Amino acid sequence: MTTTTASPEAGDRAVRKDSPGAARGPRRPGRIKRIGLPYLLLLPALILELLVHLVPMVIGVVMSFKELTQFYIRDWGTAPWSGVDNYKVAVDFDAPVGKALLDSFFVTVGFTLLSVGLCWLIGTAAAICMQDAFRGRGLLRALFLVPYALPVYAAVITWVFMFQHDNGLVNHVLHDQLGITDKPSFWLIGDNAFYALLTVSVWKGWPFAFLIVMAGLQNIPKDLYEAAALDGAGVWQQIRRITLPSLRPVNQVLVLVLVLWTFNDFNTPFVLFGKSAPASADLISVHIYQASFVSWNFGTGSAMSVLLLLFLLVVTGVYLLLTSRGRKAADV
């Protein structure tokens, strides 16, 4: 008969192995890795955001305090400092530069309000109509998203050909086919340029509103509509009492995004009109481009860009403050 005895060292190892402190020790590096992994995965995006947005933004702010013209374009760091002179020129509304900037600002505000309002109205109406199932609904949804899916340059250039005076489709339909106008109109010059720009902007932007509202409608329970129908509520009452209140959080974000996109839109007017837009369609983004790259006064153009950034930040802050108060009042 043989007996085995456990050594004291083996017993100590067994006790240390089963103790809670020993169990936590090896897990700490793994826990630190798990906590740091999300930040590590976000690091490339943060670096790209820094390089693409923040660094040029800081450089633009610095340029706004310099007398930067075409004479210093090769080495803009040697341009003399001008202090706030560029800002004084931009906000001097009695002078030609400031007056032109103010006129462009009012044009942009009016254009943004009309474009965002029409985009939201058409997108919401289309999303509500596409909510009920019927034959061909999927095809119509796909067709509605075509303007949003097309590249901006391809879509706007197509509209340029359609707005041509002699052989454009718009004049052919309005004048030759329907007889609405007395003679073919010039859509890319004069006062009609504003309506042409508004048409292209709405055509290009309403599918985004349609997509967002359609996604928001999926979260509204159908039981609410069934109960409202049993109580005798009509279609318009259901939209007013159920659909629009339920879509309030979605619409708050949608309107803000549309306002920021439309107010800063540069591609649409630039492709539609070129470097010099007509006065009726002189959006502030194109106006700043002209002040910078056509007049070769990059300091004044940078100051205008900074003022535009500050204005949009103030508008965004006020909008978020008002919408947050509205949500709290609705919850109460």
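Note that the structure is a prediction, hence the values are computed from the model and not measured. Residues take numbers from 1 onward in each chain, read along the sequence in its written order. Per-residue local features of the predicted model are confined to residues with pLDDT of at least 70, and side-chain atom pairs are confined, for both listing and counting, to 80 or more; whole-chain, interface and lining totals are unaffected and use all residues. Processing note: side-chain calculations cover all non-hydrogen atoms of the structure and skip hydrogens and water entirely.

**Looking at the overall build of the chain**
Moving on, step 1. For the chain, the count of helices and strands is 16 helices and zero strands.
Moving on, step 2. Exposure is judged per residue with a 1.4 Å probe applied to protein chains only, and the accessible area is read against the type maximum: over 50% gives exposed, under 20% gives buried, and values in between give partly exposed. Residue burial in the chain is summarised as follows: out of 332 residues, 31% are buried.
Moving on, step 3. The method behind every accessible area is Shrake-Rupley, applied with a 1.4 Å probe, and residues are considered shielded solely by the protein chains displayed. Only carbon and sulfur atoms are counted for the fraction: they give 67% of the accessible area of the chain, which is about 21,300 Å². Secondary structure elements follow DSSP: runs of H or I no shorter than four residues count as helices, runs of E no shorter than two count as strands, and numbering proceeds from the N terminus.

**With respect to the nonpolar core**
Moving on, step 1. F163, L197, F210, L258, L272 and F273 are the most contacted members of the largest nonpolar core, which totals 40 residues.
Moving on, step 2. Of all the secondary structure elements, the ones that give two or more residues to this core are helix 5 (96-129), helix 8 (152-162), helix 10 (192-217), helix 13 (248-263) and helix 14 (267-273).
Moving on, step 3. Here this core gets 14 residues from one element, more than from any other, and that element is helix 10.
Moving on, step 4. By size, the runner-up hydrophobic cluster in this structure holds nine residues, among which are A90, L101, F263 and I288. Take the buried residues of types Ala, Val, Leu, Ile, Met, Phe, Trp, Tyr and Cys, join any two whose side-chain atoms come within 4.5 Å, and each joined set is a nonpolar core.

**Let's talk about the side chain of S280**
Moving on, step 1. Within the secondary structure, S280 is located in the loop between helix 14 and helix 15 (284-294).
Moving on, step 2. Judged by its relative accessible area of 17%, S280 falls in the buried class.
Moving on, step 3. Polar contact is the term for a pair of N or O atoms within 3.5 Å; when the atoms are in protein, one must be able to donate a hydrogen and the other to accept it, and sequence-neighboring residues count only if both atoms are side-chain atoms. A polar side-chain atom of S280 sits 2.6 Å from the main-chain carbonyl oxygen of G190.

**Side note on the pattern of salt bridges**
Moving on, step 1. Every case where a carboxyl oxygen of Asp or Glu lies within 4 Å of a side-chain nitrogen of Lys or Arg is listed as a salt bridge. Per the stated rule, a full pass over the model turns up one salt bridge.
Moving on, step 2. The partner of D103 in a salt bridge is K99, with the nearest N and O atoms 3.4 Å apart. Pair noted here: D103 and K99 are both in helix 5, with a separation of four residues, about one helical turn.

**Some points on the packing of helix 10 against helix 13**
Moving on, step 1. Lines are fitted to the C-alpha atoms to define the axes, a helix being fitted only along its stretch in contact, and any angle between axes, read from their N-to-C directions, falls within 0 to 180 degrees. Where helix 10 meets helix 13, the closest approach of the two axes is 10 Å, and the angle between their N-to-C directions is 160 degrees. In terms of orientation, helix 10 and helix 13 fall into the roughly antiparallel class. Of the two possible hands of crossing, helix 10 and helix 13 adopt the one that is right-handed. Each of S201, F208, A209, I212, V213 and G216 in helix 10 lies in contact with helix 13, whose residues at this interface are V250, N251, L254, V257, L258, W261 and T262.
Moving on, step 2. Here the contact of helix 10 with helix 13 is composed, by residue class, of nine nonpolar, four polar and no charged. Put simply, angles under 35 degrees are roughly parallel, angles over 145 are roughly antiparallel, angles from 65 to 115 are roughly perpendicular, and the rest are oblique. If you view the pair so one helix is near and one far, a crossing is left-handed when the near helix is turned anticlockwise from the far one by less than a right angle, and right-handed when it is turned clockwise. Should any heavy atoms of two residues lie within 4.5 Å, those residues are counted as being in contact. Under this grouping Gly is polar, as are all residues other than the nonpolar Ala, Val, Leu, Ile, Met, Phe, Trp, Tyr, Cys and Pro and the charged Asp, Glu, Lys and Arg.

**Observations regarding the layout of surface pockets**
Moving on, step 1. Estimates place the volume of the largest pocket at around 780 Å³.
Moving on, step 2. I288, S302, S305, V306 and L308 are the residues nearest the centre of the largest pocket, which is lined by 25 residues in total.
Moving on, step 3. Sorting the residues of the lining of the largest pocket by element identifies helix 3 (27-63), helix 15 and helix 16 (298-331) as the ones contributing at least two each.
Moving on, step 4. In terms of residue count, helix 16 provides more of the lining of the largest pocket than any other element does, ten residues in total.
Moving on, step 5. Residues of the lining of the largest pocket, tallied by class, amount to 16 nonpolar, nine polar and no charged.
Moving on, step 6. Buriedness of a pocket was judged along seven lines, with at least five required to meet protein on both sides within 12 Å; pockets are open sets of points on a 1 Å grid over the protein atoms alone, cavities are sets where a 1.4 Å probe fits but cannot get out, and lining residues have an atom within 4 Å of a point. Grid points are joined across faces, edges and corners, and a volume is the space filled by probe spheres set on the points. Looking at the second largest pocket, its volume works out to about 400 Å³.
Moving on, step 7. Lining the second largest pocket are 14 residues, and of these I128, Q131, D132, Y225 and Q238 sit closest to its centre.
Moving on, step 8. Breaking the lining of the second largest pocket down by element, the ones donating at least two residues are helix 11 (222-230) and helix 12 (235-246).
Moving on, step 9. Of the residues belonging to the lining of the second largest pocket, the class tally is seven nonpolar, four polar and three charged.

**Concerning helix 15**
Moving on, step 1. In terms of burial, helix 15 is largely enclosed, as nine of its eleven residues are buried.
Moving on, step 2. Every buried residue of helix 15 is accounted for by I284, S285, V286, H287, I288, Y289, Q290, A291 and S292.
Moving on, step 3. Within two residues after helix 15, W296 carries a phi angle of roughly 60 degrees, on the positive side.

Nothing here speaks to function; it is all geometry.
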